[in-house]
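Breakdown of the fold
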Amino acid sequence: MPKNTISLIEKILYSVEKPGRYVGDEHNQITKEWDSVDVRWCLIFPDIYDIGQANLGLAMLYQILNAEEHILAERSFAPWVDMEVELRKHQIPLFSLESKQSLKNFDILGFTLPYESIYTNVLNILDLAGINIRSTDRRERDPLILGGGQACFNPEPMADFFDAFAIGEGEEVSLEISQVYRDWKKTSSPRSDLLLNLAQVPGVYVPSLYDISYHPDGTIANMTPIQPGVPDKITKRIVAALPTHPSKFVVPNVEIIHDRMSVEIMRGCTRGCRFCHAGMVNRPVRQRSVEEILPVIENGLNSTGFEEVGLLSLSSSDHTQILELTKKVHDNFHDRKLSFSLPSLRIESFSVDLMDELKELKPGGGFTLAPEAATERMRAVINKPLDDEDFYQTVTRIFENGWRTLKLYYMIGLPTETMEDVDAILQAGIKVYQIGKRLIGKSVKIHLGIASLIPKPHTPFQWLPVQSPQLIQEKLDYLKAGTRRAGIKMSYNIPDSTLLESWLSRGDRRIGSVIQTAWEAGAKFDAWGERDNLQIWRNSFTTNNLDPDFYAYRERSLDEILPWDHIDIGVTKRFLQRDYDWSLVGRTRADCRNTCFSCGILDAFGDQRPPETICYWGCP
Ligand code: SF4
């Protein structure tokens, strides 16, 4: 970036909120000579620094790519609205934190897409970088626009804006993509060759190489590759053994949402909750051993100075060494006055011993449980089987061990749900409050977190419609009134945000035009509840002659081609369909660690399975 632009940026920083978001130079930032490498990546989290800098996936890729001598990887985030005004006013293209290079100068812009409501920010970032937002309008040597992350398991809504997607885990495929780019860069061959070469890399999806046709009723008739050598299906990538965990984390300049060191202790889950997208798309279960985790914490603390450590996974109490881990973490680090968070503990696998250890690790403060449904019948439907007795016993033990605040997560809008099931959530909250008052006294705090079901792609519920905002609002009003009377705190997702997420997560390629129209009409930061853009979105559907209800409220037939069917997660559609059938009759499926139900993962990835000494897999 020319010197005068840098000094102009420095001037602008005096007039925007939290200038630390834009300066970089943090402790442990990695900088490399621009001309010393062959491939230049910019890793982009399409929301503000305060949110994106806490993303563990981004931190991992940052270390993996920069570990390669011929690659540099820098970071960039969505500028907040005040900074955007300044950038547009002074015609300064969006830049990276490390070298302040314009994003346009990089070879590959790698966007991480963890959730859908950041899609308009992607378009805004491309526009602020002076890059054509549509893939078909890109010039020969424009940066490659690459997407990755959890939302990409249905890439179709964003297909018009990305040149390629890395489906699944990025650790290995990002290096392969880098190599394909490096080889192509040395040639003068056209961009179309790069895209074709990328389409040969397992796990890479190049949407422009596929043609889609629709039936008169709007459902998909066919999705076909337009060139030989382009795969019909894109199988997600997994890393057979979890790689060495990074520990030299960038220490942020400004306070971020999770101001802590995050350590992934396990990946995947075998519990099979039927609403859970992460549980289905991140199989198989792989875990890091205690011997691997402890040095990461030690080195991480020494190189960052963080005072909190998050031990992360989808279901930490299912880690086969969880007790030993919590014990050793306490023994090794208790004198450092740190706090440890261990989210996603499952009530079913939550032993008394683990409770005792946790008491040492994170005394007092809050505890979180996710029963998700309050009747045994409904828990069977969602495949989270749990007896009421076990639930209240665990709650009692939590209070007996001194925790004063308990947060309980529940869902509404579930299949076969009745108002009795909704009322049961309130009654459960009241009963837990009474137990708490008896054991702790009036200072006990109960917090209900209510989410509305969005039947996500690649889950057994993917065929279901979303429940209408009116019906959801009725149920929320009932719970709000009841919890207010009972003195229980309640938080919930506003039905409109659920609707937007359902359009963007269950959409097909035609949704791309709706996203562009919404962005052109001013929609951005849609994940921020206070920015109510829903009317803009409704108008965008109308402008593009599409019916939003087709995507949200329509039950999909079991033989319909779904917009994400060409993305193979290993778990088969047949397995999901059978599980859907079971849900409607309340038939449960046990944790498959002991009994394999042939979901398809072992067929798809069994040949990659390493010996247990290298990495434990959850499949028997
Ligand atoms: S292959 Fe079997 S054990 Fe492994 S995740 Fe699937 S059902 Fe579970």
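Residues numbered from 1 in each chain as written. Predicted model: local features only at pLDDT ≥ 70, side-chain atom pairs only at ≥ 80, totals over all residues. Heavy atoms only, no water.

1. What to know about the sheet that holds strand S3 (residues 108–112)
With respect to topology, six strands assemble into an open sheet ordered S2-S1-S3-S4-S5-S6, the strand pairing being mixed. The open sheet has two edge strands, strand S2 (71–77) and strand S6 (204–205), and neither has a second partner. Of the strand pairs in this sheet, strand S5 (residues 164–166) and S6 are connected by two bridges, and their pairing is antiparallel. When the bridges of S6 are listed, Ala166 appears paired with Val204. In the packing of helix H3 (residues 56–66) onto the sheet, contacts are made with strand S1 (39–45), S2 and S3, and the angle to S2 comes to roughly 155°. (Pairing = 2+ DSSP bridges. Helix = DSSP H or I, 4+ residues; strand = E, 2+ residues; numbered from the N terminus. Contact = heavy atoms within 4.5 Å. Axes fitted to C-alpha atoms, helices over the stretch in contact; angles between N-to-C directions.)

2. Digging into the nonpolar core
In terms of nonpolar packing, the biggest core is built from 132 residues, with Trp41, Phe111 and Ile177 touching the most fellow members. Residues Met60, Phe249, Leu325 and Tyr392 belong to the second largest nonpolar core, which totals 62 residues. (Core = buried A, V, L, I, M, F, W, Y, C linked by side-chain atoms within 4.5 Å. Buried < 20%, exposed > 50% of the residue type's maximum accessible area, 1.4 Å probe, protein only.)

3. Quick look at the packing of aromatic side chains
The geometry of an aromatic ring pair is captured by two quantities: the separation of the ring centres and the angle between the planes. If you walk through the whole model with that rule in mind, you get 17 aromatic pairs. Geometrically, the ring pair formed by Trp34 and Phe106 is edge-to-face, given 5.0 Å between the ring centres and 85° between the ring planes. In this pair, Trp34 is assigned in the loop between helix H1 (3–12) and S1 and Phe106 in the loop between helix H4 (81–89) and S3, connecting sequence segments 72 residues apart. Phe106 gets classed as buried once you look at its relative accessible area, which sits at 2%. By the ring-pair criterion, three or more aromatic residues cluster together here, those being Phe111, Phe162, Phe165, Tyr205 and Tyr210. For the cation-ring pair, Lys431 lies above Tyr392, with the distance from its terminal atom to the ring centre recorded as 4.2 Å. Note that Arg589 overlies the ring of Trp582, its terminal NZ or CZ placed 4.2 Å from the centroid. (Phe/Tyr/Trp six-rings, centres within 6.5 Å; stacked < 30°, edge-to-face > 60°. Lys NZ or Arg CZ within 6 Å of the ring centre and 35° of its normal.)

4. Some thoughts on the domain arrangement of the protein chain
You can read the domains of the protein chain as domain 1 (3–235), domain 2 (260–364 + 590–620) and domain 3 (367–510 + 546–571). One C-alpha centre belongs to domain 1, the other to domain 2; they are set 30 Å apart. At the junction of the two partners, domain 1 supplies nine residues and domain 2 supplies 13 residues. Carbon and sulfur atoms make up 46% of the surface buried where domain 1 meets domain 2, a total of about 840 Å² over both sides. At the junction of domain 1 with domain 2, the criterion picks out three salt bridges. Where Arg286 meets Glu169, a salt bridge forms, and the shortest distance between an N and an O atom there is 2.8 Å. Remark: the boundary between domain 1 and domain 2 carries six residue pairs in polar contact (both at pLDDT 80 or more). Partitioning the side of domain 1 that touches domain 2 into residue classes produces three nonpolar, four polar and two charged. (Domains from an automatic or database assignment. Buried area = accessible area lost by both parts, 1.4 Å probe. Salt bridge = Lys/Arg side-chain N within 4 Å of Asp/Glu carboxyl O. Polar contact = N/O pair within 3.5 Å; in protein donor to acceptor, adjacent residues only side chain to side chain. Nonpolar A, V, L, I, M, F, W, Y, C, P; charged D, E, K, R; others polar.)

5. Observations regarding the pairing of strand S10 (residues 261–264)
A regular strand places its side chains on the two faces of the sheet in alternate fashion. Side chains Met261 and Val263 project from S10 onto one buried face, and the interleaved Ser262 and Glu264 project onto a second face that is buried too. Bridge count for S10 against strand S13 (residues 308–312) is four bridges, and the pairing is parallel. Note that in S13 the partner of Ser262 across the bridge is Gly310.

6. Focus: unusual backbone geometry
Omega for the peptide link from Arg283 to Pro284 comes to 0°, which places this bond in the cis form. If you trace the backbone, Pro284 turns up in the loop between helix H8 (277–281) and strand S12 (286–287). Residues other than glycine seldom take positive phi values, yet Asp25 does so here, at roughly 60°. By the element assignment, Asp25 lies in the loop between H1 and S1. The phi dihedral of Lys337 is positive, around 55°, even though this residue is not glycine.

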